[in-house]
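# Working through the structure, step by step
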Amino acid sequence: EGKNQYEKAFGVSSQDLFQALYRSDEEMVKFMHLMNSIWNICGKDVVTAFDLSPFKVICDLGGCSGALAKQCTSAYPECTVTIFDLPKVVRVSREHFVSEADQRISFHEGDFFKDHLPEADLYILARILHDWTDERCIELLRRIYKACKPGGAVLLVEALLNEDGSGPLTAQLYSLNMLVQTEGRERTDVQYAALLAAAGFTNIQHCLTGKIYDAVLGHKET
Ligand SMILES: C[S@@+](CC[C@H](N)C(=O)[O-])C[C@H]1O[C@@H](n2cnc3c(N)ncnc32)[C@H](O)[C@@H]1O
């Protein structure tokens, strides 16, 4: 049928992907551990792919377990990070992943497609856009552009495909996984730049880290 079989398998539309993934607390915690682990290996590379030190107020949209937020506070001693995620994810993240000792990390519960986004200098979208269609990505990026302070930016963290789709193999396999499980796919840097530009961001740059995940930075003019 050329599309995922979520509805048949789980009785839930893939548009409500996270409702299906989070069908029980146990499944949700498993998913959060899965999300958490990779940033111990590649987290520092993606948060230092660009010098993010000018951005003091950071909001990690879909920040999940907070692993990348911790990488940010460790690489940039002057920043604070708000983890924005669905209410039940925030609850579990607070209980199991982020300790009160992490004083520069806070939480904000909400739906990034519907609710007010906190104002920030920098928004991080790590492994978020690959879940969604181009239309949904632009909708989310436009919301971010509106909330972003002038002179601020958005950092996309994704596994970038080569221009001709010929690799890297890991990104191709992730793209297959996205086809099976989500509405999205992995993309090339040019495709991400087009999404960012459609939402108003300028001066778009990308950086290949040499590890699994790469970074794309787009700016909002002052
Ligand atoms: C693929 S995970 C990526 C997690 C994290 N950014 C990382 O790279 O480890 C997607 C995240 O987006 C969150 N999410 C999905 N839909 C959301 C929505 N509508 N509003 C807020 N968060 C959402 C999920 O709960 C999950 O934490």
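Residues numbered from 1 in each chain as written. Predicted model: local features only at pLDDT ≥ 70, side-chain atom pairs only at ≥ 80, totals over all residues. Heavy atoms only, no water.

## Regarding the pairing of strand E3 (residues 105-109)
When strand E2 (residues 80-85) meets E3, the two strands line up parallel, connected through 5 bridges. The partner of Phe84 across the bridge, within E3, is His108. Taken together, E2, helix H5 (residues 87-97) and E3 form a β-α-β motif whose crossover is right-handed. (Pairing = 2+ DSSP bridges. Helix = DSSP H or I, 4+ residues; strand = E, 2+ residues; numbered from the N terminus. Right-handed = clockwise from strand over helix to strand, strands pointing away.)

## Description of the pairing of strand E5 (residues 153-158)
Among the 6 residues that make up E5, 6 are buried, leaving the element largely enclosed by the rest of the structure. Side chains of E5 alternate between two faces, with Ala153, Leu155 and Val157 and Val154, Leu156 and Glu158 buried alike. Here 5 bridges tie strand E4 (residues 122-126) to E5, and the two strands are oriented parallel to one another. Bridge pairing links Leu125 to Leu156 in E5. Note that the unit made of E4, helix H6 (residues 134-147) and E5 has a crossover that is right-handed. Sheet analysis places E5 next to strand E7 (residues 214-219), joined by 6 bridges and oriented antiparallel. (Buried < 20%, exposed > 50% of the residue type's maximum accessible area, 1.4 Å probe, protein only.)

## Some points on helix H4 (residues 67-75)
An α-helical turn contains 3.6 residues, so a residue and the one three or four places further along point in the same direction. Residues of H4 that are buried include every one of Ala67, Leu68, Ala69, Gln71, Cys72 and Thr73, and no others. For H4, the secondary structure elements touched by its buried residues are helix H3 (25-47), strand E1 (57-61), E2, E3 and E4. (Contact = heavy atoms within 4.5 Å.)

## As for the site of the ligand
The immediate surroundings of the ligand are formed by 18 residues, with Tyr22, Gly62, Asp85, Phe112 and Ala126 found nearest. A distance of 2.9 Å is found between an oxygen atom of the ligand and a side-chain nitrogen or oxygen belonging to Trp39. Alone, the ligand offers 590 Å² of accessible surface; in the complex the protein occludes 96% of this. With respect to the pocket detection grid, the ligand is positioned in the largest pocket. Of all the elements, H3 adds the most residues to the shell around the ligand, at 3 residues. The residue inventory of the shell around the ligand, partitioned by class, reads 12 nonpolar, 2 polar and 4 charged. (Near = heavy atom within 4 Å. Polar contact = N/O pair within 3.5 Å; in protein donor to acceptor, adjacent residues only side chain to side chain. Areas by Shrake-Rupley, 256 points an atom, 1.4 Å probe, with all protein chains shown as cover. 1 Å grid on protein atoms, 1.4 Å probe; cavity = no way out; pocket = protein on both sides within 12 Å on 5 of 7 lines; lining within 4 Å. Sits in = over half its atoms within 2 Å of the grid points. Nonpolar A, V, L, I, M, F, W, Y, C, P; charged D, E, K, R; others polar.)

## What to know about the UniProt feature "domain: O-methyltransferase C-terminal" (unreviewed entry) in the protein
UniProt records the feature "domain: O-methyltransferase C-terminal" (unreviewed entry) for residues 1-201 in the present numbering. Along residues 1-201 the backbone is 45% helical and 13% strand, and the end-to-end C-alpha distance reaches 35 Å. (UniProt positions renumbered as here; feature names shortened; annotations may be inferred.)

## Regarding the layout of surface pockets
Each pocket or cavity is described by its volume, and for the largest pocket that value is around 960 Å³. Contributing to the lining of the largest pocket are 44 residues, with Phe18, Leu21, Phe31, Arg127 and Asp131 lying nearest its centre. Looking at the lining of the largest pocket, the elements that each hand over two or more residues are helix H2 (17-21), H3, H4, E2, H6 and helix H7 (169-181). Take the lining of the largest pocket: its biggest share by element is 6 residues, from H3. The space that makes up the second largest pocket amounts to roughly 180 Å³. Around the second largest pocket, the lining is made up of 14 residues, and of these Leu160, Asn162, Pro168, Leu208 and Asp214 lie nearest the centre. Taken together, the residues of the lining of the second largest pocket break down into 7 nonpolar, 4 polar and 3 charged. (Points joined across faces, edges and corners; volume = space filled by probe spheres on them.)

## Focus on the state of the cysteines
Taken as a whole and assessed by the stated rule, the structure comprises 0 disulfides. Looking at Cys59, it has no disulfide partner, and the nearest cysteine sulfur is the one in Cys148, 10 Å off. There is no disulfide at Cys72, and the cysteine sulfur nearest it, in Cys79, is 5.7 Å away. (Disulfide = S-S within 2.5 Å.)

## Notes on H5
Taken together, the buried positions of H5 are Val89, Val90, Val92, Ser93 and Phe97. All buried residues of H5 lie within an arc of 170° about the axis, which places them on one face of the element. On its buried side, H5 packs onto H3, H4, E2 and E3. (Arc of directions from axis to C-beta.)

## Re the side chain of Asp60
Along the polypeptide, Asp60 turns up in strand E1. Arg127 is the oppositely charged side chain nearest to the buried, salt-bridge-free Asp60, at an N-O distance of 9.4 Å. In this structure, Asp60 is in contact with Leu68, Ala69, Val81, Thr82, Ile83, Phe84 and Ile124, ignoring residues within four places of it in sequence. (Lys, Arg positive; Asp, Glu negative; His and termini not counted. Salt bridge = Lys/Arg side-chain N within 4 Å of Asp/Glu carboxyl O.)

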